[in-house]
Amino acid sequence: MTFMEHLPALQVVVPMLSAPLIVLLQPRGLAWAGATAAGLASFAIAIALAMAVLDGQTQVYAMGGWAAPYGIALEVDAFSALVLLLVTGAGAAALLAARVSVDRQIEPERQPLFYAAWLLGLAGLAGIVVSADAFNIFVFMEISSLASYILIAGGPDRRALPAVFKYLIMGTIGATFYLIGVGLIYMMTGTLNLADMQARIGDVVALNPILVAAGFITIGLALKAAVFPLHVWLPNAYTHAPHMVTVFLAACATKVALYVLIRFDSMVFQDRLSDHEFQFTLFALPLAVLGILVASSVAMFEGHLKRLLATSSVAQIGYILLGASFVSEAGITASAMHMFNHALAKGGLFLAVACLAFHFRDLRLSELGGAARRMPLTCAALVVCGLSLIGVPGTAGFISKWLLITAALESGLWGWSLVAVILVSSLMAVVYIWRIVEALYFQQASAEGDTSFAEAPLQLLLVTWAVALLNIFFGLFPHLPLALANGSAALLVGGAP
Amino acid sequence: MKLLELLGYYNYWVFAVVLTVGLYAVIRKRNLIKKLIGLSIFQSAVFLLYITMDKVEGGTAPIIQKGVPDQVFSNPLPQVLILTAIVVGVSTLALGLAMVVRIKESYGTIEEHEILGAD
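Quick caveat, the model's predicted, so the values are computed rather than measured.

**Examining the overall build of chain B**
Then, in step 1: Along the backbone of chain B there are 5 helices and 0 strands.
Then, in step 2: If you list the helices and strands of chain B from N to C, you get α-α-α-α-α.
Then, in step 3: Its C-alpha radius of gyration of 20 Å places chain B more than 25% over the 14 Å reference for a compact globule of 119 residues.
Then, in step 4: The 119 residues of chain B split such that 24% are buried.

Here is the structure:
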């Protein structure tokens, strides 16, 4: 086997084995350097895999040489390549920027452990994406979840602890529901490999256990993905987490759960259960619409910068689910694109928040007066990413909203009302982003605060601007993610091999 | 006959009841430790589900013996799976308890409503 063929396994192995090594790197700064090197290495692997997929090859890897339905298979197709890019990209970018911010929030002696947990989280998320085995997905899901509980609780804010406890309870219930569903399917089909499941589930005569499994799996993954109204763990967890952890998790953690939901549902259930497509739409569409509207309106009245952005994430998850709920090629393309673009926009926004946190201890909007004068570059980057979140033409966010509207119009009868929902919620996004802009640019600085120029550290600022510029770049030249998104839609709904 | 059929599934009934008891404790209890106990009960129910489905009537442990033809084995795969799930459950519980310890250190209580009132 050539080196290239081992890439799917290395995608998981590199960060996972780096984690225990990094614990040993006690001297100051070394742990960060090691973790960043591992993060960049896995990003490079993801890029190589994406290139191979764009060349038209699907990478399949049989763990330990045991061929697929008996052994555990890893598989990288267009959809996984896209999600891998965003997971490892978010991980690597956040790690690159993390050093100064983490130095302020985590004590030096705990830093090696912190970075080790980070890499385990990265390994878990990447593992979910490459795995083609239902039970393996569960194990990686728990690895990434346990790591993210540790990361969120790692900061100095004590309010993170109850938030993490709630996340732990709800996350575990979600994972256990998923496990029950997988067990029931195994009971009826005798296989755990997703492709094998897809082939065998048509032969099942007694459909009740499969229907129950579909319910358990959908609800379990919706809990993990923070689909409205199962999102209650998310705002507090993201608000009180260390800033760089929020960047990493907000960009990719929930999207990976959505990835599994979309892949599982369209591979195993749709087409093979009568009326399942209709049931899925009936379940997901109302939740998506409610999530978009409710979370956007909550965000409009939120007074804390980080919680505002976290609440808006719930609305964005609604968009992704909305695309998936159309069960059409256009819908899945829009979903996959929005995963990618939202990761760019929200990652950039939270990076800018991490910059702001250097000089503003209190991140409530009312305390951020005069920020634009003190940190003009940070605020400009925040505005660029904010525009992308709204979906202004020329930014990445526009591409996915446009695709989403196209998909909604194709979906028939409901189309126009869904377009209205998307437009209304975009207007709401204008409102809440404007509130941030107003606080940063037009609000009077508090009386005793100094107004001298004090930009965030260069390293952090550079990464923030790189992400902000990527938002514009992928708004003008969306070919790469679009090719992968089209590929995934063809794969999941179009019936292409 | 119908009743006997239903009773025949008693393992699955126990699974459903234990699952619900656990979930109830997680949702209803205010004490964080009791919530974690509920979570553990909830997870153990799933272990029972997996172990039940792998049982083959008259089956033994899957070890091939010389000179004993036509042996009936129970399916070993779900047992292996659930071994992994038990490990996951234990680590989740350990992490949850560690969080409770830190909550106790910084809030001085492990009652949910008192914590919510504190900030």
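**Observations concerning the overall build of chain A**
Then, in step 1: Within chain A, the regular secondary structure consists of 19 helices and 2 strands.
Then, in step 2: Radius of gyration (C-alpha) of chain A: 22 Å, near the 23 Å computed for a compact globule of 497 residues.
Then, in step 3: For chain A, the spread of C-alpha atoms along the principal axes amounts to about 75 × 55 × 40 Å.
Then, in step 4: When the 497 residues of chain A are sorted by exposure, 62% land in the buried category.
Then, in step 5: If you take every contact in chain A between residues at least 6 apart in sequence, the share linking residues at least 24 apart comes to 79%.

**Observations regarding the interface of chain A and chain B**
Then, in step 1: On the chain B side, the residues contacting the 21 residues of chain A number 24 residues.
Then, in step 2: Elements represented by at least two residues in the side of chain A that touches chain B include exactly α5 (134-153) and α6 (160-189) of chain A.
Then, in step 3: Sort the elements by how many residues they give to the side of chain A that touches chain B and α6 of chain A lands first, with 13 residues.

**Points about the packing of helix α8 (residues 208-225) of chain A against helix α10 (residues 243-269) of chain A**
All names here are of chain A.
Then, in step 1: At their nearest, the axes of α8 and α10 sit 8 Å apart, and the two run at 160° to each other. When the axis of α8 is compared with that of α10, the two are roughly antiparallel. Note that α8 runs across α10; the crossing there is left-handed. Residues A214, I217, T218, L221, A222, K224 and A225 of α8 touch α10, and the partners they reach there are T254, A257, L258, V260, L261, F264, D265 and F269.
Then, in step 2: For the contact of α8 with α10, a count of residues per class yields 11 nonpolar, 2 polar and 2 charged.

**Overview of the environment of L179 of chain A**
Then, in step 1: Among the structural elements, L179 of chain A can be located in helix α6.
Then, in step 2: The spatial distance from the C-alpha of L179 of chain A to the C-alpha of A68 of chain A is 21 Å, given a sequence separation of 111 residues.
Then, in step 3: What L179 of chain A contacts, discounting residues up to four positions off in sequence, is F138 of chain A together with V46 and A85 of chain B.

**Looking at the nonpolar core**
Residue and element names in this part refer to chain A.
Then, in step 1: L82, L86, L119, I152, V164 and V256 are the most contacted members of the largest nonpolar core, which totals 233 residues.
Then, in step 2: Ranked by residues supplied to this core, first place goes to α6 with 20 residues.
Then, in step 3: V256 has contacts with V83, V87, L125, I128 and V129, leaving out every residue within four places of it along the chain.

**Some words on the pairing of strand β1 (residues 59-62) of chain A**
Residues and elements named next belong to chain A.
Then, in step 1: Judged by which residues are buried, β1 turns out to be one-sided: Q59 and Y61 face inward and are buried, whereas V60 and A62, on the alternate face, are not.
Then, in step 2: Pairing of β1 with strand β2 (residues 73-76) involves 4 bridges; the strand directions are antiparallel. Each bridged residue has a counterpart across the sheet, and for Q59 the counterpart in β2 is V76.

**Notes on the environment of L230 of chain A**
All names here are of chain A.
Then, in step 1: Summarising the element assignment, L230 is placed in the loop between α8 and α9 (234-240).
Then, in step 2: With 21 C-beta atoms packed within 10 Å, L230 lands in the buried category.
Then, in step 3: Not counting residues up to four positions away in its chain, the partners in contact with L230 are A222 and L223.

**Details of the confidence of the model for chain B**
Residues and elements named next belong to chain B.
Then, in step 1: When pLDDT is averaged along chain B, the result is 87; 99% of the residues meet or exceed 70.
Then, in step 2: Taken element by element, chain B is modelled with least confidence in helix α1 (residues 2-8), mean pLDDT 75, and with most confidence in helix α4 (residues 76-107), mean pLDDT 92.
Then, in step 3: The ipTM value of the predicted complex is 0.93, and its pTM value is 0.92.

**Thoughts on the environment of L23 of chain B**
Residue and element names in this part refer to chain B.
Then, in step 1: One can find L23 in helix α2 (residues 10-28).
Then, in step 2: Among the residues examined, L23 registers 18 C-beta atoms within 10 Å and is labelled partly exposed.
Then, in step 3: The spatial distance from the C-alpha of L23 to the C-alpha of L39 is 6.9 Å, given a sequence separation of 16 residues.

**With respect to the confidence of the model for chain A**
Then, in step 1: Looking at chain A as a whole, the pLDDT averages 88, with 98% of positions reaching at least 70.
Then, in step 2: Confidence scores differ between elements of chain A, with helix α14 (residues 371-374) of chain A showing the lowest mean pLDDT of 81 and α5 of chain A the highest of 93.

**Considerations on helix α18 (residues 458-476) of chain A**
Residues and elements named next belong to chain A.
Then, in step 1: Relative to the 27 Å expected for 19 residues at 1.5 Å per residue, α18 spans 27 Å between its end C-alpha atoms, a close match to the ideal helical length.
Then, in step 2: For α18, the set of buried residues is L460, L461, V463, T464, V467, A468, L470, N471, F474 and G475.
Then, in step 3: At its buried positions, α18 is contacted by α3 (78-105), α13 (329-356), α15 (376-390), α16 (396-410) and α19 (479-492).

**Some words on the packing of α5 of chain A against α6 of chain A**
All names here are of chain A.
Then, in step 1: With their axes 10 Å apart at the nearest point, α5 and α6 run at an angle of 180° to one another. For the element pair α5 / α6, the angle class is roughly antiparallel. Mapping the contact onto sequence places A134, F135, F138, M141, E142, S145, Y149, I152 and A153 in α5 and A160, L161, A163, V164, Y167, L168, G171, A175, Y178, L179 and V182 in α6.
Then, in step 2: In terms of residue class, the contact of α5 with α6 is made up of 17 nonpolar, 2 polar and 1 charged.

**With respect to unusual backbone geometry**
Negative phi is the rule for most residues except glycine; trans is the rule for most peptide bonds.
Residues and elements named next belong to chain A.
Then, in step 1: Here the amide bond leading from F228 into P229 is cis, since omega sits at 0°, within 30 degrees of zero.
Then, in step 2: Its place among the elements puts P229 in the loop between α8 and α9.
Then, in step 3: One non-glycine residue, A226, adopts positive backbone phi at about 60°.
Then, in step 4: You can see A226 is positioned in the loop between α8 and α9.
Then, in step 5: Backbone geometry places V327, a non-glycine residue, at a positive phi of 50°.

Quick notes on the rules
Chains are numbered independently. Their residues run from 1 in the order of the written sequence. All chains are assigned letters beginning with A, and all ligands numbers beginning with 1, in the order in which they are written. Reporting of local features is limited, given that this is a predicted model, to residues whose pLDDT is at least 70; pairs of side-chain atoms are given and counted only at 80 or more, and all residues count toward the totals for whole chains, interfaces and linings. Helix and strand definitions follow DSSP, with helices as H or I runs of at least four residues and strands as E runs of at least two, each counted in order from the N terminus. Each radius of gyration is computed over the set of C-alpha atoms, and the globule rule expresses the reference value as 2.2 Å times the number of residues to the power 0.38. Residue burial here comes from a neighbour count, namely the number of other C-beta atoms, placed from the backbone, that lie within 10 Å of the residue's own C-beta, with 20 or more meaning buried, 12 or fewer meaning exposed, and in between meaning partly exposed. By definition, residues are in contact whenever their C-beta atoms, placed on the basis of the backbone, come within 7 Å of each other. To get an axis, fit a line to the C-alpha atoms, keeping to the stretch in contact for a helix; angles then go from 0 to 180 degrees between the N-to-C directions. If an angle is under 35 degrees, it is roughly parallel; if it is over 145, roughly antiparallel; if it lies from 65 to 115, roughly perpendicular; otherwise it is oblique. Each crossing gets its hand from how the near helix is turned against the far one by less than a right angle, where anticlockwise is left-handed and clockwise is right-handed. Charged means Asp, Glu, Lys or Arg here, nonpolar means Ala, Val, Leu, Ile, Met, Phe, Trp, Tyr, Cys or Pro, and polar covers whatever is left, Gly included. In this usage, the nonpolar core is the set of buried Ala, Val, Leu, Ile, Met, Phe, Trp, Tyr and Cys residues whose C-beta atoms join them within 7 Å. Pairing between strands is defined by DSSP: at least two bridges between the two strands are required. pLDDT expresses, on a scale from 0 to 100, how confident the predictor is about each individual residue. One less than the number of residues in a helix, times 1.5 Å, gives the span that helix is expected to have.

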